[in-house]
Amino acid sequence: MKFNYNLIVFLIISSLCFGQNKKSKGDVYFYEYKYEKAIEEYRKEEIKWPLTQEQQLKLADCYFKTKKFKNAAQIYIRINKENDTLLSTHRVNKMLQSLAKNNQKERVDAFLKSKSHLLSKELFQNYQFNKELLSGENNSSNFTIENLSVNSTEADFSPSFYKDKILFSSGRIRKGNKTKEEGYLDIYIAKVNAAGKAVNPNPFTGIPDFKYHEATPFYSEKLQQLFYIRSNSNGEDMAFNSEGKNALAIGVVDNANNFRYFLKDLNASFYYPYYDVETNRIYFAANFSDTYGGTDLYYVETNNGQIMSQPVNLGPKINTPANEISPYIHNGSLYFASDIFYGFGGMDIYKTNIKPDKSFSIPVNLGKDINSISDDFGFIIKNSTSNNNLTGYFSSNRKGGKGKDDIYKFSVSDVVGLKTFAVKGRVVGLKSRNGISNATVHLLNSSGEVLREILTNSSGDYNIELPWQRQVTIKASKDGFSTFSVVYNEQAMEEVQNTFLDLAIVSLEDLVEEKESKQVIKLNNFYFDKGKSEVTPLIALELDKVIEAIRSFPQLKLNIETHTNSKGSNSYNLKLSQERSNAIKVYLLKKGVSVSNIVGAIGYGEEKIKNRCVNGAYCLDFLHKQNDRTLFVLVK
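It should be emphasised that the depicted structure is a prediction, and the values quoted were computed from it without experimental measurement.

Conventions and cut-offs
Residues numbered from 1 in each chain as written. Predicted model: local features only at pLDDT ≥ 70, side-chain atom pairs only at ≥ 80, totals over all residues. Heavy atoms only, no water. Pairing = 2+ DSSP bridges. Helix = DSSP H or I, 4+ residues; strand = E, 2+ residues; numbered from the N terminus. Axes fitted to C-alpha atoms, helices over the stretch in contact; angles between N-to-C directions. Contact = heavy atoms within 4.5 Å. Salt bridge = Lys/Arg side-chain N within 4 Å of Asp/Glu carboxyl O. Buried < 20%, exposed > 50% of the residue type's maximum accessible area, 1.4 Å probe, protein only. Disulfide = S-S within 2.5 Å.

### Quick word on the sheet that holds strand β32 (residues 501-505)
Reading across from one edge, β29-β26-β32 is the order of the 3 strands in this open sheet, with mixed pairing throughout. The strands lining the two open edges of the sheet, one partner per strand, are β29 (461-467) and β32. Each strand axis lies, on average, 30° off the axis of its neighbour in the sheet, ignoring direction. Relative to β32, strand β26 (residues 420-429) is paired through 5 bridges, and the arrangement is parallel. Its bridge partner lying in β32, V428 is registered against A504. Contacts from helix α8 (residues 121-134) reach β26 and β29 within the one sheet, and its direction differs from that of β29 by about 35°.

### A closer look at the pattern of salt bridges
As enumerated under the stated definition, the model contains 26 salt bridges in all. Between K68 and E36 there is a salt bridge; the shortest N-O distance is 3.0 Å. In this pair, K68 sits in the loop between α4 (53-65) and α5 (69-82) while E36 sits in helix α3 (residues 35-48), placing the two residues 32 residues apart along the sequence. According to the relative accessible area criterion, K68 is partly exposed, its value standing at 28%. One salt bridge in this structure joins K515 and E513, with 3.7 Å as the shortest N-O distance. Taking the relative accessible area as the measure of exposure, K515 reaches 29% and is therefore partly exposed. In this structure, a network of salt bridges that share partners links the residues E54, D61, R91 and K94.

### Examining the state of the cysteines
A covalent bond bridging the sulfur atoms of two cysteines is what the word disulfide describes. Applying the stated criterion across every chain, the model contains 1 disulfide. One disulfide bridge connects C613 with C619, the sulfur atoms lying 2.1 Å from each other. The S-S bond linking C613 to C619 shows a torsion near -105°; that makes this disulfide left-handed. Residue classification places C619 among the buried positions, given a relative accessible area of 13%.

In structure tokens form, the structure reads like this:
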């Protein structure tokens, strides 16, 4: 049974299957990718006997793949109601896609709220972020797009840079000397003219002759090697696993046309290899048993193209219950395609920034124009040699194309896709510089509305991303600590994204100490001139610390309490201490302290002597001086 090509996205995310022991004609057609015929047979069979639940799900899959989304949704929903553990996360995604494509997005929201235990927290975060991003006022991108003349009436997809040309995959019938079985994909090469348009397509002869699948090429200038997808084989014949399935492997060929299998597993298929020069990693898509849904993105560490590690899954922030394919890295960002339910249509192209610690920011949809209600995938990009623009190519089966999938050229002048604001760092103690756990970080818009609110982790780290704003305020706070707050305009937002932003807050314990059985602001001792109440520069240095404490804790309520020694009369000392308290209060108010922060300003004179230096007692001056003091007592 030859491979029957339908929609290329579903080709790329499915293994070639040769069924051995099918129970029904519906099953036979399903495994042969003949979905319309499978629907017809399943409908005939269910009149004679009940379909098994697995056959019902296959029928739903057939409806889904033939774009009969209302029918697909009805079956998925019914089975989910009967047994909400029966649907795999991959089929849950298909159910949600079917609802979204049938203009029932409110049911998607309702399901997510009621079945949150079925999906990961990363998926919910990605969903909410992209929903907010795409519903904004400016959810369109800035791409200029045009269809290429190399496209045929068949499927043409997966463009790849190859020296000064491009390679691409095609389902067109091959002409020439090279043997290619009908219905199998082949690799073509095309010249690129001065305008960046691909012209004059021809079969690519830089790889060994092979009559089965060859597709999704990637050429590494550094390694001088070409990686591409090819059917598993033993010599000239296909290789099958114990269930009679033929999977797709990654092959590699050097400039001397020497071929070897790079990644091969008879029980799993590989797609879209990509070599990253910066990390020496080979990225790819695969349908291993540990995927989060359909095909996931992985990488292997290499040493100049020699595998040095097991495949590593990129994790739940990138991989979802849907299919993720076609990884490509440019300027520190990973681009890939996914048919997750919150996109515009089938496959959409997403972008995630690779952080210094090799983690990823939230993948964001590139927006309408480059993404459509159809399948969009196979995105590649590079800096233009003729101007400051970025140029590249991608594949789509959108309306108005020439074939089942077409290759499109695009150009973009600035940021690729929809703009976001991402900031990360730590909340730390101002004095200790140690991270503060469970501190609250808020991001507010220009109207003061809270856009994001998170708690720091055990090390005080935070990481926030949100759709682009004209202005943001970042606040950090915690009970018993001050509040950090700073406002950024758009220019400052651009700059702060490239830094590790520490938010320093002050612990009230660092500012307060106990004296005379009272909680007071921690200050160095200061003294008025003899018989005077003027605030001198030295006194002002200490009072400014009180002002800073109130700024850090605007809710502070203080009593100013001033004392003198026992020299002089009681009435004189009482009057002098009151004048000094009043002078301090005036200074604080002039410096911007609110009157609500000063509960009282009291002069006690010599009423509360700390030692034995009372009236009539002989004391040295340093002992008398211990009684000259001002306390800022915390009332609240």
